[in-house]
Amino acid sequence: MVRRRRMHGAGAARSRAGVVLAVAVSLSLAACTGPHAAAPDVSSVPPSAAAPSPSPASPPAPTPSVPATPAPLVHPVGEPVVIASNLDVPWSILRLPGGGTLISERDSAQVVELLPDGRTRVAGTVPGVEPQGEGGLLGLATPRAAPGDAGAASVVWVYAYFTSSTDNRVVRMPLAGEAGSYRLGAPELVVRGIPKAGNHNGGRLGFGPDGMLYVTAGDAGNSDNAQDRGSLGGKILRMTPTGDVPPGNPFGTLVYSFGHRNPQGIAWDSSGQLWASEFGQNTWDELNRIVPGGNYGWPVVEGAGGGDDFIDPVQQWPTDAASPSGIAIVSDTIFMVGLRGERLWQIDPSTGEAKDWFVHRFGRLRDVVSGPDGTLWFVSNNTDGRGTPAEGDDRLYQVRVAA
């Protein structure tokens, strides 16, 4: 479907397609084609952050990974239980490899620690955050194993994506203390210069199986950013833990894939394949299988129908059934939460078949992660200015998952 180039925020009125789930493409298709503090004082910027526009040569053909033997699909079992309440515009859940959980709060710029009794305490406030619209303190991540940097293996870094007064950027902060008394140190710049706006800021972070940091960047309300490989907007970025361009990036810059409108969730399956959720505009939201150098079509197309020039989504939804944010993969089952859709989606990546859970039960859902002992955690986002908060919102929930 060729889309209209009509720009507005994710919360504005959007025309609706019929409520139909459509599998857009098989997996083999890709193979064929109290904040407001001053910004941190940094003395240098990774040269890759503002790389010049590359030559117009065609990107290399995407090479899909060989899937592992599929694990049995899992699904929610029983009723979700509340494990924390009264969160203030929560955005990202970070379960630390060494134990404990941190949650970012968009508008307060605070990173709070979840305590065993469900209370929270402030582990740190990220300086330089300027909340505006959908911007503020967004994604959190930490390397999959205790990092990382040569000569400093004992340092545990917490990475944060946030909106400053001039741009979106990523910093990392050393984590001190232990579970129950964590505290964040002074930030170090990783990358800056990602376009910002009142909407379409992207903001999800994740460390891949390759040890590299992946960052989702929205088009910042300017659709031309998405197809401009010299811009960091409308992209999924891949970088070293210190913000440099790693070997294997398709264009010799931080850009890993492009043609994105507002990607909001990333996760990897057991074969190392990267998946991403993406906000559409008027018609289709998307789940995409990400390949290096892939062009996902925005703003030329929305949803499937890109032909040979673009990679179609594996699954798409009408915008009122999804407006997707975070995703998690458990036992090679993809779980995706919806904001406007107010539900949890369970997706079989091998077929694109999807089933929704807890529809309109808990309001807007922002992030989802794998929990302990065969559980899934997800967080509501009803205090973000677009939801209808109930008493105790926002909440962090836990539900058991099993085959």
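Because the structure is predicted, anything quoted here is derived from the model rather than measured.

Rules behind the numbers
Residues numbered from 1 in each chain as written. Predicted model: local features only at pLDDT ≥ 70, side-chain atom pairs only at ≥ 80, totals over all residues. Heavy atoms only, no water. Helix = DSSP H or I, 4+ residues; strand = E, 2+ residues; numbered from the N terminus. Buried < 20%, exposed > 50% of the residue type's maximum accessible area, 1.4 Å probe, protein only. Areas by Shrake-Rupley, 256 points an atom, 1.4 Å probe, with all protein chains shown as cover. Core = buried A, V, L, I, M, F, W, Y, C linked by side-chain atoms within 4.5 Å. Contact = heavy atoms within 4.5 Å. Pairing = 2+ DSSP bridges. Axes fitted to C-alpha atoms, helices over the stretch in contact; angles between N-to-C directions. 1 Å grid on protein atoms, 1.4 Å probe; cavity = no way out; pocket = protein on both sides within 12 Å on 5 of 7 lines; lining within 4 Å. Points joined across faces, edges and corners; volume = space filled by probe spheres on them. Nonpolar A, V, L, I, M, F, W, Y, C, P; charged D, E, K, R; others polar. Phe/Tyr/Trp six-rings, centres within 6.5 Å; stacked < 30°, edge-to-face > 60°.

(A) Layout of the overall build of the protein chain. Looking only at helices and strands, the protein chain has 2 helices and 25 strands in total. The buried share of the protein chain, taken over its 403 residues, is 57%. Summing over all exposed atoms, the protein chain offers an accessible surface of approximately 14,900 Å²; the carbon and sulfur share of this is 52%.

(B) Here's a closer look at the nonpolar core. Counting residues in each nonpolar core, the largest one holds 22 residues, and the members touching the most others are V170, L213 and V215. Setting aside residues up to four positions removed in sequence, L213 forms contacts with Y159, V170, V190, L205, G206, F207, L237, R238, M239 and T240.

(C) Just the sheet that holds strand β20 (residues 333-338), in detail. The strand order β19-β20-β21-β22 describes an open sheet built from 4 strands, whose pairing is antiparallel. Whereas interior strands pair on both sides, the edge strands pair on one side only; in this sheet they are β19 (324-330) and β22 (354-357). Between one strand axis and the next, the sheet turns by 25° as a mean value, whatever way the strands run. Note that β20 and strand β21 (residues 344-347) share 4 bridges and pair antiparallel. Residue pairing for β21: M336 is matched across the bridge by W345.

(D) Here's a closer look at the layout of surface pockets. Its volume calculated, the largest pocket comes out at about 650 Å³. Of all the elements in the fold, those that place two or more residues in the lining of the largest pocket are β2 (90-95), β6 (137-141), β11 (205-207), β15 (263-268), β19 and β23 (365-370). Across the lining of the largest pocket, the residue classes break down as 16 nonpolar, 5 polar and 4 charged.

(E) Focus on empty space enclosed by the protein. Taken as a whole, the largest cavity holds about 70 Å³ of empty space. What lines the largest cavity is a set of 13 residues, and nearest its centre among them are R261, E278, F279, E286 and W298. No other element matches the 3 residues that strand β17 (residues 284-290) contributes to the lining of the largest cavity. Classifying every residue of the lining of the largest cavity by side-chain character gives 5 nonpolar, 3 polar and 5 charged.

(F) A look at the packing of aromatic side chains. Under the defined criterion, the tally for this structure stands at 11 aromatic pairs. Pairing Y214 with Y256 gives two aromatic rings, centres 5.4 Å apart and planes at 90°, and the pair type is edge-to-face. Of this pair, Y214 sits in strand β12 (residues 213-217) while Y256 sits in strand β14 (residues 255-258), and the two are 42 residues apart along the sequence. Residues Y214 and Y256 agree in their burial class; the two are buried. Seen from their ring centres, Y214 and W268 are 5.1 Å apart, and the 70° between their planes marks the pair as edge-to-face. One end of the pair, Y214, is in strand β12; the other, W268, is in strand β15, and 54 residues separate them in sequence. Accessibility assignment for this pair places Y214 and W268 in one class, buried. Cluster of aromatic residues (ring-pair linked, three or more members): W357, F358, F362, F378 and Y397.

(G) Here's a closer look at the sheet that holds β14. If you walk across this open sheet you meet the 4 strands as β11-β12-β13-β14, and the pairing is antiparallel. The open sheet is flanked by β11 and β14, the only strands paired with a single partner. When strand polarity is set aside, the average angle formed by the axes of neighbouring strands in this sheet is 20°. Direction of pairing for strand β13 (residues 235-239) relative to β14: antiparallel, over a ladder of 3 bridges. Looking at the pairing, I236 lines up with S257 of β14.

(H) Fine view of the pairing of strand β8 (residues 168-176). Within β8, 7 of the 9 residues are buried, leaving the element largely enclosed by the surrounding structure. Hairpin connection between strand β7 (residues 157-163) and β8: a loop of 4 residues separates the two successive antiparallel strands. Where β8 lies against strand β10 (residues 188-194), 4 bridges are found, and the strand directions are antiparallel. Bridge pairing in β10 places N168 opposite I194. Note: β8 against strand β9 (residues 183-184), 2 bridges, orientation antiparallel. Paired with A176 across the strands is R183, a residue of β9. Hairpin connection from β8 to β9: 6 residues lie between these consecutive antiparallel strands, with G177 at a positive phi of about 85°.

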